Amino acid sequence: MISVAVKSEMVCGTCRMPMPVNTLAREVGCPSCGRPAALGVDLWQALLRDPLYNGPRLLPNEVRRSAAGKLSAAYIRRAPACQGCEKAIPASSIQAVVDQAMLRCDRCAVQTWVRRVPPELAGALPDITHLVGEEPDRLAGAPAPQAEPATFPCPQCGSPVAFDGVSRACACRFCSASVHVPDEFVYRGRRRVVAHWYLCFAPSVVVRTPAAQAVAAGLFDWEGLPEAAVDAEGNLYCAATQSRWYLDQAGRTQHNIDRVLWSMDPSLGIRWLQRDRPDEVRFLGCAKDTLLVIDAGGAPPLRLASATGAPLESAGVVAPSIELSLTEQGCLTCDHDGSLLLHKDGKLQRIGPDGAAMRVWADGATRSDTGEDSYWSLTSLADHPVTLSSMASTSIHSGPDGSLYLLDGNLLARFERGGRKVYCVEIGGGSADRQRGALGADRDGNAYVIRGDRLVRVGATGNESVILYAERDALPRADMSIAVCPDGSFWLFGKEGLAWKFDPRCKLLFASEKEPRPKNPTMREVMDQQLENGLAMINVQVEAIREDAMRSAREMDRLENERQARPYKYSWIFMILFIAALTVVKECRL
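Rules used in this analysis
- Residues numbered from 1 in each chain as written.
- Predicted model: local features only at pLDDT ≥ 70, side-chain atom pairs only at ≥ 80, totals over all residues.
- Heavy atoms only, no water.
- Patch = residues over 30% accessible without salt bridge, like charges linked within 9 Å, V, L, I, M, F, W, Y side chains within 5 Å.
- Areas by Shrake-Rupley, 256 points an atom, 1.4 Å probe, with all protein chains shown as cover.
- Salt bridge = Lys/Arg side-chain N within 4 Å of Asp/Glu carboxyl O.
- Helix = DSSP H or I, 4+ residues; strand = E, 2+ residues; numbered from the N terminus.
- Buried < 20%, exposed > 50% of the residue type's maximum accessible area, 1.4 Å probe, protein only.
- Core = buried A, V, L, I, M, F, W, Y, C linked by side-chain atoms within 4.5 Å.
- Contact = heavy atoms within 4.5 Å.
- Pairing = 2+ DSSP bridges.
- Axes fitted to C-alpha atoms, helices over the stretch in contact; angles between N-to-C directions.

Engineer: Could you clarify how one ought to interpret a nonpolar patch on the surface in this entry?
Structural biologist: On the surface, a nonpolar cluster with roughly 960 Å² of combined accessible area is contributed by Y568, W572, F574, M575, I576, F578, I579 and L582. For F574, the position within the fold is in helix α7 (residues 523-589). For F574, a relative accessible area of 58% puts it in the exposed group.

Below, the structure is given as structure tokens:
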């Protein structure tokens, strides 16, 4: 069972003191001044939109924050636990509650209130079945909590007088004086702190498979195409930019950009995840146990441990600086030995892991037999090419076996690691939507090329076959990229969080669009919510002004009535005095 712990609070509109909101209620009372505050369904829906959307996506014990109007909340993905001893509450006990019940902890005897989502809140809390750990004083049929004892000095003898924060009349146990507790001490004695209460998701949202966990954790929530790479073990590395619209604590519309970098194993289990990276990643490369990361700023490559994502220490190594245009046009690839192959200014270059220049080809050849000035297309290249077109249209890719693949338009050429040319073939089908990310290869020398409406596999000797066709398989689609695993399985990536994985026989293993995920609010929905919150605040202010006006009118009526009644009052006094005087005179005559 997936559950999210929520801590919510607000600021009192009267005394401006913080108010814990430890229950999903329509009204809460301020512990400082006692004034009640109304909380509508719309306000709760706006506050809980982030926990409902991000909650199942969080990793265990990952904390996020949310705000809507006067309410703010911190939420964390964790299992419901006893408020007294932190012992986990069994999911079966929670799901067995039909309406509402009090569950007693068998370790510390502390009771935890559990109830199903009320019908009036079902629309605001989709996919939520139970609420756990709320304060019971606002729930029908639940006993009121005991107030925490507090003391204040006796005004007669100065001794501490204990009171429970509820009763206004107390007696000093030292001098037996009757004491009326002042308001400030009464409200100060209601000591309430912000406490966790839990949202329990429906079984349909429960994440069972690793693939569902990855989707629920928000890994597949990019907008544009991600950067992807696969290592020799088939682990996937992906860097993407995610965006989210939300309302901040002041009720303003905000747009959050989150750059994430993560890794999954071949069974689609999450290996590690990095959020809130400072720069956008423009290139990923895998070599042995190292992940090569190049950011958009053109800084030297960052080398991370592929198993953990932690930076590798490389004292004394000067990493090369990479031009941003190279990563944009697909003119950069990472070889399995950790070296970088660049297509720059019409030349192939190889840079070692230490930043030093290396020979392009393993056998030491440095130029093509056709000469440096005779390049017309890939077909004119012979063995050991160094000079290419000065145009940046040629995409390069290094396969797991060290082969180098060059893609230019409809032409694909393969060269062995030593530099021998294996083939140069013309690929059928439409032109590629993009050069970068449209090419991959497996350890057997098979190349995979996205050609508009089809995915083409070119064998080790140049034989061509169409393995996916849009009219038949609904894939590939416009503007997609590919990442090929060494065993021949492959990933296809599209925009808006779309990703598919196929085995070597093109059997679909995973489709992100088929996994359930909470809906991410759009900019229009957030702006509409901001407008609704603004109108609600205006209505509250108008109601407060109306109440003040009515209170002032009543006070003016009272004063006017007193003013009009004053002459009659004086007349009665004069009459009473006159009668009393007559009575005295009469008695004196007698």
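Engineer: Got a minute to help me understand the nonpolar core in this structure?
Structural biologist: It is characteristic of soluble globular proteins that their nonpolar side chains tend to be buried jointly. Within the largest apolar cluster, 32 residues are counted, with the highest numbers of intra-cluster contacts made by W44 and L125. Of all the secondary structure elements, the ones that give two or more residues to this core are β1 (3-11), β2 (18-21), α1 (41-54), β6 (71-77), β9 (128-132) and β14 (197-201). Here this core gets six residues from one element, more than from any other, and that element is α1. Once residues lying within four places of it in the same chain are set aside, the contact partners of L125 are L24, L48, L52, V117 and L131. One finds A214, L219, L236 and C485 within the second-largest nonpolar core, a separate group that totals 21 residues.

Engineer: Explain the sheet that holds strand β28 (residues 411-415) to me, please; I cannot follow it from the model alone.
Structural biologist: Pairing between the strands of a sheet is mediated by backbone hydrogen bonds and can be parallel or antiparallel. The strand order β26-β27-β28-β29 describes an open sheet built from four strands, whose pairing is antiparallel. Bordering the open sheet on either side are β26 (395-398) and β29 (421-426), each of which pairs with just one other strand. Sheet twist, expressed as the mean angle between neighbouring strand axes with direction ignored, is 15°. With four bridges joining them, β26 and strand β27 (residues 404-408) adopt antiparallel strand pairing. Within β27, the position partnered with I396 by the bridge is L406.

Engineer: Please clarify how the pattern of salt bridges should be interpreted in this entry.
Structural biologist: Side chains that differ in charge, positive against negative, can pair when their charged atoms come close. Applying the stated criterion across every chain, the model contains 15 salt bridges. A salt bridge links R275 to D258; the nearest nitrogen and oxygen atoms lie 4.0 Å apart. Taken together, the residues R275 in the loop between β18 (270-274) and β19 (281-287) and D258 in strand β17 (residues 253-264) connect sequence positions 17 residues apart. Connected through shared salt-bridge partners, D335, D337, R350 and R417 make up one network.

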